[in-house]
Structure formats: structure tokens, C-alpha cells
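So you can see what is in the structure, the chains are spelled out below.
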Amino acid sequence: MQKKILIIEDEQSIATLLSYNLTQAGYQTIIANDGKEGYELAISEAPSLIVLDLMLPSMDGVEICKELRLQKISTPIIMLTAKDDEFDKVLGLELGADDYMTKPFSPREVVARIKAVLRRSEGIKVQREDSSSNEMKLGELKVYPERYEAFLNDEQLEFTPKEFELLVYLMENKNRVLTRDQLLSAVWKYDFAGDTRIVDVHISHLREKIEENSRKPVFIKTIRGLGYKFEEPKAV
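Residues numbered from 1 in each chain as written. Predicted model: local features only at pLDDT ≥ 70, side-chain atom pairs only at ≥ 80, totals over all residues. Heavy atoms only, no water.

An unreviewed UniProt entry lists the protein chain under the name DNA-binding response regulator, with Planococcus halotolerans as the source organism. According to UniProt, the comment filed for the protein chain under the heading Subcellular location (unreviewed entry) is "Cytoplasm". (UniProt positions renumbered as here; feature names shortened; annotations may be inferred.)

Given below as C-alpha cells:
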């Protein structure tokens, strides 16, 4: 079954080019040239992934991303922008985008990014020493990498693909101090070299979801001057 990609882009030439290349790569595409239409299609069509332009008429990409995440819709999002601006990049990722590309870009690179994000979202990971079907457990937090599921106190948690991949990597390396550069290299792998604020943003998101009090975390500890360490909560 073909995976469905929603392209929300008001520049018709770019939308058509993306659609052509994605169709050639075996995907089904839907195009919206207006932000509000794109938002409605993101809900009604349940695409496998959304390619989302930042600057759009009627409803911009930031607002679309924010509203989808507020609706607990975790469809992977690759955000596009004409601005080569760190604030835009971090803002998009703060709001729940999974990847970010700056125009102009190669359509082949967009296809490669889409494939990479879809692999992550489907829980297809690099072969691990332990079977990925095994439960990973720390305290009341249980994670199942192959099933792309996580539970805290038996309640299922919702993560974006990148948040989930970061959580799994932290749990695999529990009790080890990991620098921001190590996390960038292991989880992001490309494009964000040196941009460690992106790590901090995602750590903040994880804390909001797994910590009882994100200001006093018991799972993800900040190691001042070094990075982060994931550990089992101490019994009270």
C-alpha cells in the first residue's frame, strides 16, 4: 500500500516538483496550496507524513504544526522555509516538527529525508544488541521500540518520532553521561551539527511528558557543563 504524503506549499512550482519526485519514489501525494486547507487535509486524510511550508496564506506552518500537536496528532512533519534562520529552525522543532529544510533544496534530498523520517516513525531501528521487541523499563516507564509505544504508570504516552528516538537512545544508555554533541550525532545524524539547542528543546519535551515535575526531573538529569544522564528514579 502506497504511503500518502501531504504537501502544504503555496508555491505551485515547488509543490508540483515535490509531488512529481515523490510519485516517482512510489508515494501517493496530496497538495494543498493554502494553510487552512492543508490543516483540514492533515486531519481528514491521515497522511503518513506532512511536508509543511512555513509561510502560507490563511494559516501559517507554525500554527498548523502547533494545532496538530495540540490535537495529539503525531504525524511526522518536515518543515520547509525560505529563511536560513536559526530561530525559525528551533521554533519549528519546538512546536513538534521532526525535520527541517531550507529552500532552495534538492527534491532528491527531500525524498531521502522523508524516507528517513518514515523509517523512524515506523519504529524501524538499526539492529540493536538486545532485541528491539523487548520491553525497556525504568521505574514506571515502559518503552517498546519495535511497537513504537511508551507507557508511564500504564498510561500510553504520545511522542513525535524524533522524541521517541531520543527517549529510546537515552534508555539504551542509562546511567551514562551523554553530551549534547553525542546526542546530536546519534539521534539527528545530519544537518544540525553544533546546534545543541535542538537537543535541549527535545529534552524539555520529554521531561514534560515523563516527569511528574519537569522542573525537578527524576529520569533525565542535567549534568552541568557536560550534558544529560538518564537514570532510574530513586525510591522514596
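Let's pick the thread back up.
Asks: Can you help me understand the UniProt feature "modified residue: 4-aspartylphosphate" (unreviewed entry) in the protein chain in this one?
Replies: The feature "modified residue: 4-aspartylphosphate" (unreviewed entry), as given by UniProt, occupies Asp53 in the numbering adopted here. Tracing the sequence through the fold places Asp53 in strand 3 (residues 49-53). For Asp53, the residues in contact, after removing those within four places along its chain, are Ile8, Glu9, Asp10, Gly61, Leu80, Thr81 and Lys103. (Helix = DSSP H or I, 4+ residues; strand = E, 2+ residues; numbered from the N terminus. Contact = heavy atoms within 4.5 Å.)

Asks: In this structure, what is going on with the environment of Ala42? I would like to understand it.
Replies: Position of Ala42 relative to the elements: it lies in helix 2 (residues 35-44). According to the relative accessible area criterion, Ala42 is buried, its value standing at 3%. With 33 residues separating them along the chain, Ala42 and Thr75 place their C-alpha atoms 8.5 Å apart. (Buried < 20%, exposed > 50% of the residue type's maximum accessible area, 1.4 Å probe, protein only.)

Asks: I tried to follow the nonpolar core on my own but got confused; where do I start?
Replies: Soluble, globular proteins show a tendency: their nonpolar side chains are buried together. In this structure, Leu141, Leu167 and Phe230 are the most contacted members of the largest nonpolar core, which totals 52 residues. Looking at this core, you find at least three residues from each of domain 1 (2-120) and domain 2 (134-228). Setting aside chain neighbours within four positions, we find Leu167 in contact with Leu141, Val143, Ala150, Phe159, Leu206, Ile210 and Phe230. In terms of nonpolar packing, the next biggest core, distinct from the first, is built from 18 residues, Leu22, Tyr27, Met101 and Val111 among them. (Core = buried A, V, L, I, M, F, W, Y, C linked by side-chain atoms within 4.5 Å. Domains from an automatic or database assignment.)

Asks: Would you mind going over the pairing of strand 7 (residues 141-144) with me for this structure?
Replies: Sheet faces and side chains relate simply in a regular strand, where the side chains alternate between the two faces. Two elements, strand 6 (residues 136-138) and strand 7, share 3 bridges in a ladder whose sense is antiparallel. Paired with Leu138 across the two strands is Leu141, which belongs to strand 7. Counting the residues in the hairpin turn of strand 6 and strand 7 gives 2 residues, including Gly139, whose phi is positive at 60°. Bridge count between strand 7 and strand 8 (residues 149-152): 4 bridges; the pairing is antiparallel. Note on strand 8: the bridge partner recorded for Tyr144 is Glu149. Hairpin connection between strand 7 and strand 8: a loop of 4 residues separates the two successive antiparallel strands, and Tyr148 in this loop has a positive phi of roughly 55°. (Pairing = 2+ DSSP bridges.)

Asks: Could you clarify how one ought to interpret the pattern of salt bridges in this entry?
Replies: Where charged atoms from two side chains of opposite charge approach closely, those side chains can pair. The full count for this structure, using the stated rule, is 14 salt bridges. Across the pair Lys36 and Glu40 runs a salt bridge, and its minimum N-O distance is 2.7 Å. Of the two residues, Lys36 and Glu40 both sit in helix 2, 4 residues apart, roughly one turn of that helix. According to the relative accessible area criterion, Lys36 is partly exposed, its value standing at 45%. Given the relative accessible area of 40%, Glu40 is considered partly exposed. Close ionic contact of Lys221 with Glu231 constitutes a salt bridge, the shortest N to O distance being 2.9 Å. Remark: Glu231 occurs in the segment after strand 12 (227-230) and Lys221 occurs in strand 11 (residues 220-223); sequence separation between them is 10 residues. (Salt bridge = Lys/Arg side-chain N within 4 Å of Asp/Glu carboxyl O.)

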